[in-house]
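# Analysis of the macromolecular model
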Amino acid sequence: MSVRIGISLGAAGAPSEFGGCVGLLEAAGIDSLWLPENVYGPAVEPFTGMTFALAKTERLKVGSGISVLPGRHPVLVAKQLASLAGLAPGRVLPVFGLQPALAAERALFPVPPGQRGAVFDEALTLLRLMLTTDVVSFHGTFFTVENASVGPLPAKPLDIWLGGSAEAGLRRIGRLADGWLGSLLTPSEARAAVGVINAAAGQADREVEQDHFGISLPVAFGGIPDALAASIRRRRADADPASLIADGWAGARDLISSFVDAGLTKFVIRPAATPESFEGFIDGFASNLMPLQT
């Protein structure tokens, strides 16, 4: 199984720095760039950023990590992904989630009350149909299309990954998705999550490839920033933030090794705080983490 390690830019994902960072990643031979969905913040919007980064590079893979699907029409999302895959074959890595992490943004992705999970399931089903079938007619509870097509389909079907760590979300991955990108979990928790996904896939008579399990991992230098620690406590009141964040490059190497032992092979590294120099962060990443790739 191939270990691959990519980068999320953090605060450097703002428009003023984005282009320069993309160039640094391509020049350094970084595997992939991952763009979070933070509407109320400076980060570039994921699909806009993916388009820019793919156009400016020849090798870098780019992922949406993680974009919200419920609240978007899956046919429009399929059109975006098919277009990107046609323009940059083999370099588009879509990852979707149930809802934004920031509660204030949830109203921006409206679904019928109490139906977000059901909308997600149906949207995923229709999205996959649109990306694998030339002409689709679909009649669901939330979406209906007749003789719909998004044009030329990707030569190789896109893998659709999901985020999430709740058991219902993990089971959804086993039933409907091709991979998992988790966050804020210990290696032992990640191992248990892989087991839940595999069990759900088996019950659905399908299989998630065993090198399609990954995690987003913050790396802190000189202590965990207060704002990040507070954010983690809101989401994981049961956990010590220090157990979920790598302490420097040595800590990142150790945690990645532990996650590999737990069955994960894909990693998204992000700085826990804005580095003094993003070029220096890339240099540290290249010398400390790229050798771990297989």
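Residues numbered from 1 in each chain as written. Predicted model: local features only at pLDDT ≥ 70, side-chain atom pairs only at ≥ 80, totals over all residues. Heavy atoms only, no water.

### What to know about the packing of aromatic side chains
We count it as follows: Any pair of Phe, Tyr and Trp rings, taking the six-membered ring for Trp, is counted once the centres come within 6.5 Å. Such a pair is stacked with planes under 30 degrees apart, edge-to-face with planes over 60 apart, and tilted for the rest. We count a stretch as a helix when DSSP gives it H or I for four or more residues in a row; a strand needs E for two or more, and each element gets its number in order from the N terminus. A simple rule labels every residue: compare its accessible area, found with a 1.4 Å probe on the protein chains alone, to the largest value its type can have, and call it buried under 20%, exposed over 50%, or partly exposed in between.
Counted by the stated rule, this structure contains seven aromatic pairs. Between tryptophan 249 and phenylalanine 281, the aromatic rings sit 5.1 Å apart at their centres with planes inclined by 45 degrees, giving tilted as the arrangement. Note that tryptophan 249 is positioned in helix α8 (residues 248-261) and phenylalanine 281 in helix α9 (residues 278-288), a separation of 32 residues in sequence. Of the residues examined, phenylalanine 281 reaches a relative accessible area of 4% and is grouped as buried. Both rings, one in phenylalanine 278 and one in phenylalanine 281, keep their centres 5.8 Å apart while their planes meet at 25 degrees; by these two values the pair is stacked. Of this pair, phenylalanine 278 and phenylalanine 281 are both found in helix α9, three residues apart, which corresponds to roughly one turn of the helix. Taken individually, phenylalanine 278 and phenylalanine 281 each receive the classification buried, so the pair is uniform in this respect.

### Notes on the environment of valine 145
Our working definition: Contact criterion: two residues are considered in contact whenever any of their non-hydrogen atoms come within 4.5 Å of each other.
Along the polypeptide, valine 145 turns up in strand β6 (residues 144-148). Given the relative accessible area of 11%, valine 145 is considered buried. The sequence separation of valine 145 and alanine 204 amounts to 59 residues, and the corresponding C-alpha distance is 25 Å. Leave out the neighbours within four places in its chain, and valine 145 touches His73, Val75, Leu126, Val136, Ser137 and Phe138.

### Digging into empty space enclosed by the protein
The cut-off we apply is this: Buriedness of a pocket was judged along seven lines, with at least five required to meet protein on both sides within 12 Å; pockets are open sets of points on a 1 Å grid over the protein atoms alone, cavities are sets where a 1.4 Å probe fits but cannot get out, and lining residues have an atom within 4 Å of a point. Grid points are joined across faces, edges and corners, and a volume is the space filled by probe spheres set on the points. Nonpolar residues are Ala, Val, Leu, Ile, Met, Phe, Trp, Tyr, Cys and Pro. Charged residues are Asp, Glu, Lys and Arg, and all others, Gly as well, are polar.
On inspection of all chains with the given rule, the structure shows two cavities of 30 Å³ or more. One number sums up the size of the largest cavity: a volume of about 50 Å³. In this structure, the largest cavity is lined by Ser8, Leu9, Gly10, Gly13, Leu35, Pro36, Ala43 and Val44. Of the residues contributing to the lining of the largest cavity, the split by class is five nonpolar, three polar and no charged. By volume, the second largest cavity is sized at about 30 Å³.

### Considering the pattern of salt bridges
The cut-off we apply is this: Here, a salt bridge means any side-chain nitrogen of Lys or Arg that lies within 4 Å of a carboxyl oxygen of Asp or Glu.
What the rule picks out here adds up to 11 salt bridges. With a closest N to O distance of 2.6 Å, lysine 61 and aspartate 31 form a salt bridge. One end of the pair, lysine 61, is in strand β3 (residues 61-68); the other, aspartate 31, is in the loop between α1 (15-28) and β2 (32-35), and 30 residues separate them in sequence. Assessed through its relative accessible area of 22%, lysine 61 is described here as partly exposed. Across the pair arginine 236 and aspartate 238 runs a salt bridge, and its minimum N-O distance is 2.9 Å. Relative accessible area serves as the criterion here: at 12%, arginine 236 is assigned to the buried category.

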